[in-house]
There are 2 protein chains.
Amino acid sequence: MMVSTTGRYALTVMADLARNAGEGFVSLADIAEREQLSMKYLESIISVLNKGGMLESLRGKNGGYKLARKPAEYTVNEILLLTEGTLAPVNCIMQDGVECEKAATCSTLPLWAGLDGVIENYLSNITLEDIITGNRKKMLGDYCNKCETE
Amino acid sequence: MMVSTTGRYALTVMADLARNAGEGFVSLADIAEREQLSMKYLESIISVLNKGGMLESLRGKNGGYKLARKPAEYTVNEILLLTEGTLAPVNCIMQDGVECEKAATCSTLPLWAGLDGVIENYLSNITLEDIITGNRKKMLGDYCNKCETE
DNA sequence: GTAAATCCTACCACTCAGGTAGGAATATGT
DNA sequence: ACATATTCCTACCTGAGTGGTAGGATTTAC
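The model shown is predicted, which means the values in this text are computed figures rather than measured ones.

Caption draft 1: How the structure looks around the protein's contact with DNA strand D. Within the structure, DNA strand D sits among 23 residues, and Thr5 and Lys40 of chain A together with Leu28, Glu43 and Ser57 of chain B are positioned closest to it. Put simply, 68% of the atoms of DNA strand D that lie within 4 Å of the protein are in sugar or phosphate. Here Leu28 of chain B contributes a backbone N or O atom positioned 2.7 Å from a phosphate oxygen of DNA strand D. At 3.2 Å from a phosphate oxygen of DNA strand D is found a side-chain nitrogen or oxygen belonging to Asn50 of chain B. Of all elements in the fold, only α1 (5–19) and α3 (39–51) of chain A together with α3 (39–51), β1 (55–58) and β2 (64–67) of chain B reach the threshold of two or more residues within the surface near DNA strand D. Ranked by residues supplied to the surface near DNA strand D, first place goes to α3 of chain B with three residues. For the surface near DNA strand D, the per-class residue count stands at five nonpolar, 11 polar and seven charged.

Caption draft 2: Broad picture of α3 of chain B. Residue and element names in this part refer to chain B. In this model α3 runs 18 Å from its N-terminal to its C-terminal C-alpha over 13 residues, within 8% of the 18 Å that 1.5 Å per residue would give. Taken together, the buried positions of α3 are Leu42, Ile45, Ile46 and Leu49. Elements in contact with the buried residues of α3: α1 (5–19), α2 (28–35), β1, β2 and α4 (76–84). Positive backbone phi, approximately 80°, marks Gly53, located one or two places after α3.

Caption draft 3: Examining the relation of the copies chain A and chain B more closely. Least-squares fitting of chain A to chain B yields an RMSD of 0.0 Å, with the superposition described by an axial translation of 0.0 Å and a rotation of 180°. In short, the pair behaves as if placed about a two-fold rotation axis. The position closest to the rotation axis in chain A is occupied by the C-alpha of Met2 of chain A, lying 2.2 Å away.

Caption draft 4: Here's a closer look at the environment of Leu123 of chain A. Inspection of the secondary structure assignment puts Leu123 of chain A in helix α5 (residues 109–124). Measuring from C-alpha to C-alpha, the distance between Leu123 of chain A and Val76 of chain A comes to 5.5 Å, with 47 residues separating the pair along the chain. In this view, Leu123 of chain A contacts Thr75, Val76, Asn77, Leu80 and Leu87 of chain A together with Leu111 and Leu115 of chain B; residues no more than four positions away in its chain are not counted.

Caption draft 5: Geometry of the protein's contact with DNA strand C. In the vicinity of DNA strand C there are 25 residues, among which Leu28, Glu43 and Ser57 of chain A together with Thr5 and Lys40 of chain B approach most closely. Sugar plus phosphate, as a fraction of atoms of DNA strand C within 4 Å of the protein: 67%. In this structure, a base nitrogen belonging to DNA strand C sits 2.7 Å away from a side-chain N or O atom of Glu43 of chain A. A distance of 2.8 Å separates a phosphate oxygen of DNA strand C from a polar side-chain atom of Ser38 of chain B. Take the surface near DNA strand C: its biggest share by element is four residues, from α3 of chain A. Here the residues of the surface near DNA strand C are counted per class, giving six nonpolar, 12 polar and seven charged.

Cut-offs applied
- Residues numbered from 1 in each chain as written.
- Chains lettered and ligands numbered in written order.
- Predicted model: local features only at pLDDT ≥ 70, side-chain atom pairs only at ≥ 80, totals over all residues.
- Heavy atoms only, no water.
- Near = heavy atom within 4 Å.
- Polar contact = N/O pair within 3.5 Å; in protein donor to acceptor, adjacent residues only side chain to side chain.
- Helix = DSSP H or I, 4+ residues; strand = E, 2+ residues; numbered from the N terminus.
- Nonpolar A, V, L, I, M, F, W, Y, C, P; charged D, E, K, R; others polar.
- Expected span 1.5 Å × (residues − 1).
- Buried < 20%, exposed > 50% of the residue type's maximum accessible area, 1.4 Å probe, protein only.
- Contact = heavy atoms within 4.5 Å.
- Least-squares fit on C-alpha atoms with pLDDT ≥ 70 in both.

In short, shape yes, function no, at least from these values alone.
Structural data, given as structure tokens:
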């Protein structure tokens, strides 16, 4: 599994905040209730999103979180990258400037690099806005059997 | 990480067998030596490939393995699928006909399904032959900065 | 001043990746 | 017949990471 529960929940939280924007701050308790997820666990996830500058937060009564930008200005790629650390499909791809010692002669490396590129390209092209408006054509593309008839 | 060492080594072994085809059976000791990998560990991996019908094997002296088909007739997707079990980027995608209970209302599911489709499409289009001939244009596509000048 | 909320630190059970170890079965060449 | 080279099979082990839980300190609104 390339994207763990952490990344999936992070996206769910961001989508929930996007859907419920414009009404001041949204409490984590409300999000957990709506999405039917453990609030305690979401706490640790939203902390990462907050420290990463994706949210604004307010402590105390009537406090909570809200998006720092408009939904269309968040790509799925950056949200997942922040919470997952990396989205590389294999651990032999160059990270932080360090590459595998066999890189120069490895015949399979171009495959992994190409796969990494395909994934990043897909995730960078989809925004939070696409998620909450249910842009199936953009998300599912050729694999969507409903997109043609709609 | 979506593809573990097992899947990567499996592909490496298949590529090694493809490169050294036509000379009867190739022993695992030779493969491990050439690829600089633990023979004992490769043993468990090649066993899966063999049982999956991808190889022919011969026990005893001068025994070893060879490809059951031509390199161009193996897609990377089927090799990885066999050794990894699944290539789904998240564990909330339908597997074995069972889908997540929130599937009907989940706004992020189309994203994961789309990502899964993009990955499968890429990996199904690349064969073992592409790997051993170093078809960079096919593997790296738009992400290849050398492909244009070559 | 109290209730509601974020923030922070620590802990924990379970699974899986990435191997290692040792030997049994089988085929070849002499 | 026998030694050797090989696949095949079962069992085990260690460390890291996933997916949480627990408890309290701090801050803010009413």
